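This is what each chain is made of:
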Amino acid sequence: MIPSLPHGGTARHLGGRGIRRDAQSLLGMAPCQKLIFQAQGRFLPGRLSQLKTKAKFGPSPSGRARQWLCLRDRRPPVGAAAAPPAPQGSGWPSCSSGRRDGSTGRPGHRTPGLPVKAPMEMWTNSTERFYRIPEGKGPHSVGCTDLMTENAVEGSFLRLYYPARDATDTEEARWIPDREYYQGLSDFLNMYRIVGERLFHYYVGSVTCPAKSNAAFKPGEKYPLLIFSHGLGAFRTIYSAICIEMASQGFIVAAVEHRDESASATYYCKRRSVSESQEESTSNMEKEWIYYRKLKTGEEERCLRHKQVQQRAQECIKALNLILKISSGEEVTNVLHSDFDWNSLKDSVDTSRIAVMGHSFGGATVIESLSKEIRFRCGIALDVWMLPVGDDIYQNSVQQPLLFINSEKFQWADNILKIKKLISNDANKKMITIKGSVHQSFPDFTFVSGGIIARFFKLKGEIDPNEAIDISNHASLAFLQKHLSLKKDFDKWDSLVDGIGPNVIPGSNIDISPAEPE
């Protein structure tokens, strides 16, 4: 999840007045007010209840887009700041939650992520039937499970994707597992929580990812290990299409959820006090939530992002150490208490074949991780955002092979110049661009959104999302085979790594030649 309109490494805003003006011109004042009442679950006054509007919570993409224009800029009524109770049967955890966000509470942000103007109404109430995250195309079934260590923010938190035994009685994992992630996304998108949470739950609450939750691990061989780092405003589950494909092809993938306040939301578990434990006999743990931190007034973004990317790299290394510890047979306590048998991972990881991968801010995390940890034999940076990368990195700090896979619409000259500076003349560092793709061609949102709205809000490019992700995955697999010395058939996609093939070009589409003097 990252910016569609980069400017100095940031995403531009939509002006509030412009949104309100567009909404009123499309719908008129009364329909706009009715939609606000509907989204907030409030009683409709008589004059509004009889009003018909094309922008209800129905299947019309254009209607939902208009509705969003209204919701995005309206002031909430008194008492609307609190999130609504979870709907009956929603499956939300019953443990209590705290908040630790450090944000100023002011609207607006200046950082990469899901485009600020992206609508929450882009999904239909039949999303799970008509729009689906693609399944893995490799020979292995895929399972996933969550792992959290320690009762403190310093612990590790990740989702593990892995080759699994075939099973028909195991349910698929929920795509967005907790309601607090809806709240975090709403904060990140500058939407009122009461509106954003309802819309997210209504339209994507039933979406699952095609991996079996806590399925039995498939033993019998040592698998290469891939650590994945998410982008700004994302979290561990949002890149499941990529992670599932890698797992289906025989990788163990650890998708880290970063706690540097760059995720929309994340949490750690802490023990309740004695009195609280007595009152809540079902559990002695509670979730302490950490939300995305906005830039403070006058704060220099590069300084903050560079500090965050240092923590992110350490979290990737910590995840690497954790998985290797489990593979060595050491006992690890998972505070989430899942049904997964962690002992089945003993001797499962090929310790000589380890790589790191990430998108946007996660791409910068890949670079920092490579510079700090030689056990990462290579890295893949998807549509990388170079602003957080420290100046020292360009002084031969990254010795390992590195593949940059860019979208056509996101990159800009200064970012490309930094990539080229890092690549220098190293033949093991490559850059390719997928034609017709956008920054959101890599996260899962591109698969669960309808065509018209998704293109309007830059969640889809001109290329089919499945083709774009296939190009990215195939190029990644070919690159990993070469530099991890895998005995697979991924070399059939070697040409993609050189930018040769349909809808892919070598290097960048961005012109970085100096301007001619007038």
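As annotated in an unreviewed UniProt entry, the protein chain carries the name 1-alkyl-2-acetylglycerophosphocholine esterase and is attributed to Lepidothrix coronata.

1. Some points on unusual backbone geometry
Although it is not a glycine, E261 adopts a positive phi angle of roughly 70°. Secondary-structure assignment places E261 in the loop between strand 7 (252–256) and strand 8 (265–271). Even without being a glycine, N396 presents a positive backbone phi close to 60°.

2. Considering helix 10 (residues 301–327)
With 27 residues, helix 10 should reach 39 Å at 1.5 Å per residue; the first-to-last C-alpha distance of 39 Å fits that figure. Near the N-terminus of helix 10, the side chain that reaches the backbone nitrogen of R302, with its oxygen 3.2 Å away, is that of E300. The positive-phi residue at the C-terminal boundary of helix 10 is G329, with phi of around 100°.

3. Some points on the pairing of strand 8
Burial analysis of strand 8 places five of its seven residues in the buried class, which makes it a mostly covered element. With seven bridges connecting them, strand 8 and strand 9 (residues 285–291) associate as antiparallel partners. From the neighbouring strand, Y268 faces strand 9, where its bridge partner is E288.

4. Quick look at the environment of I252
Take I252: it is sitting in strand 7. When the C-alpha atoms of I252 and D350 are compared, they prove to be 9.8 Å apart, with 98 residues separating the residues in sequence. Ignoring sequence-local partners within four residues, the contact set of I252 consists of L160, Y161, P163, F217, Y223, P224, L225, L226, S348 and V349.

5. With respect to the pairing of strand 2 (residues 141–148)
Among the eight residues of strand 2, seven are classified as buried, and the element is accordingly described as predominantly covered. Bridge count between strand 2 and strand 5 (residues 208–213): two bridges; the pairing is parallel. Each residue of the ladder has a partner; that of G143, found in strand 5, is K212.

Definitions and cut-offs
- Residues numbered from 1 in each chain as written.
- Predicted model: local features only at pLDDT ≥ 70, side-chain atom pairs only at ≥ 80, totals over all residues.
- Heavy atoms only, no water.
- Helix = DSSP H or I, 4+ residues; strand = E, 2+ residues; numbered from the N terminus.
- Expected span 1.5 Å × (residues − 1).
- Polar contact = N/O pair within 3.5 Å; in protein donor to acceptor, adjacent residues only side chain to side chain.
- Buried < 20%, exposed > 50% of the residue type's maximum accessible area, 1.4 Å probe, protein only.
- Pairing = 2+ DSSP bridges.
- Contact = heavy atoms within 4.5 Å.

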